[in-house]
Amino acid sequence: MNTTKHICPLCDYIYDDLKGDLDLGISPGTKFDRLPDDFTHSDCSATTDMFESCTCVQVESSAELVRKDLMRQALSTLISKYPCFAKVFDKYDLDYCCIGNISLSDACRLQDLKAENVVDELIEASIGICQTQKDDASVQGIIRDIVSEHHSQLAEELPEISMMIEALLTKHKQDNTSIKDTSDLFQQLKDELEQHIEKERMILFPLCVDFDKEPIPLRKLKDPLAVLEHEHFKIHNSLRKIRTILNDYDESLPDRCDLHSKLVNRLRKFESNMHLHIHKENNILFPMVIEKSLLAELRAY
């Protein structure tokens, strides 16, 4: 006979007769129906009458299915459902924006990471968070989101970070090679991004003004999309180079002054926002545009 377990519906805490709960002063082998009348779970104050019985096999199978489902899904799919996963993906340098079509399991293998550990953090990050992916998203809606959230943010961030780097460079002069290298790379990245945004605003986005109602032929979009996607890879690589120079944005290094630490923190957030920006275009906007163009062409035959 399987050992009976009881699960709390409020916080998913599981009481196992076989293990008891030493933290709560309950010895192993104590059956659930023998728990004190005044027993309450310390995390949520649930009483025994609120718990539900479940078998060991059912609970473990359910948890295992969730973990396996997370591992098999593509990074881009996961980040679309749960934007809160971005923090975990960035922590482990899992590229969900430019190679987001690979599964979490494969991505962890490429980075020589234990997928189980990453999944644990993703599950923790998703507790209490609802999925945000919208099936009825429109091309214009996504473009509005990109322009209002990301383009506007870049218009402020690029000059401000440039000034921070310049101030740090002036303060340390030639004492720190990494600052000079960061300055050169960020200026190059700034130029790339400004040109990239201009292409989106002047070429791609105008083509998509009435796209939801009247998609245009794919042949008119293939070149702009290919150019922008290629530039995303270049931007992503520039961000990686800056991260490498700054030792993966480690703020704890002893030779860093307060301004240096603020810059490192600002660049870390900047990189994370850029990953999300690129993801919205590579993995949501571009595929949607291509799909709607192809469907329109099929209807025309």
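Residues numbered from 1 in each chain as written. Predicted model: local features only at pLDDT ≥ 70, side-chain atom pairs only at ≥ 80, totals over all residues. Heavy atoms only, no water.

K.L.:
Can you lay out the state of the cysteines for me, pointing to particular residues and giving the numbers?
P.N.:
This structure, assessed with the given rule, holds zero disulfides. The thiol sulfur of Cys 98 is not disulfide-bonded, and the nearest other cysteine sulfur, from Cys 97, lies at 4.1 Å. Residue classification places Cys 98 among the buried residues on the basis of a relative accessible area of 10%. (Disulfide = S-S within 2.5 Å. Buried < 20%, exposed > 50% of the residue type's maximum accessible area, 1.4 Å probe, protein only.)

K.L.:
So, the environment of Tyr 92: which residues are in play, and what are the values?
P.N.:
Mapped onto the elements of the fold, Tyr 92 is located in the loop between helix H3 (86-91) and helix H4 (104-110). Each C-alpha atom, one on Tyr 92 and one on Val 118, is 8.2 Å from the other, the two residues being 26 residues apart in sequence. Discounting residues that sit within four places of it in the chain, Tyr 92 has contacts with Gln 111, Leu 113, Val 118 and Glu 121. (Helix = DSSP H or I, 4+ residues; strand = E, 2+ residues; numbered from the N terminus. Contact = heavy atoms within 4.5 Å.)

K.L.:
Please give an account of the packing of helix H7 (residues 177-207) against helix H8 (residues 222-245) that cites residues and values.
P.N.:
Following both chains from N to C, one finds H7 and H8 inclined at 160°, their axes separated by 10 Å at the closest point. Relative to H8, the element H7 lies roughly antiparallel. At the point where H7 passes H8, the crossing takes the left-handed sense. The residue makeup of the contact of H7 with H8, split by class, is 14 nonpolar, six polar and seven charged. (Axes fitted to C-alpha atoms, helices over the stretch in contact; angles between N-to-C directions. Parallel < 35°, antiparallel > 145°, perpendicular 65-115°, else oblique. Left-handed = near helix turned anticlockwise from the far one by under 90°. Nonpolar A, V, L, I, M, F, W, Y, C, P; charged D, E, K, R; others polar.)

K.L.:
Explain a nonpolar patch on the surface residue by residue, including any values.
P.N.:
Together, Ile 99, Leu 110 and Phe 233 make up an exposed nonpolar region whose accessible area comes to about 280 Å². Since its relative accessible area comes to 63%, Leu 110 is described here as exposed. (Patch = residues over 30% accessible without salt bridge, like charges linked within 9 Å, V, L, I, M, F, W, Y side chains within 5 Å. Areas by Shrake-Rupley, 256 points an atom, 1.4 Å probe, with all protein chains shown as cover. Salt bridge = Lys/Arg side-chain N within 4 Å of Asp/Glu carboxyl O.)

K.L.:
If you had to explain H8 to someone new, which residues and values would you point to?
P.N.:
Here H8 contains 24 residues, and its C-alpha end-to-end distance of 35 Å stays within 8% of the 34 Å for a straight helix at 1.5 Å per residue. When we look at burial in H8, the residues that qualify are Pro 224, Leu 225, Leu 228, Glu 231, His 232, Ile 235, His 236, Ser 238, Leu 239, Ile 242 and Arg 243. Directly after H8, the chain includes Asn 247, whose backbone phi takes a positive value near 50°. (Expected span 1.5 Å × (residues − 1).)

K.L.:
Break down the pattern of salt bridges for me, citing the residues and quoting the values.
P.N.:
According to the stated counting rule, one finds 16 salt bridges in the structure shown. Here Lys 180 and Asp 184 are joined by a salt bridge, their closest N and O atoms 3.0 Å apart. Placement of both Lys 180 and Asp 184 in helix H7 is noted, with a separation of four residues, approximately one turn of the helix. The class for Lys 180 is partly exposed, based on a relative accessible area of 35%.

Taken by themselves, the reported measurements are silent on function.
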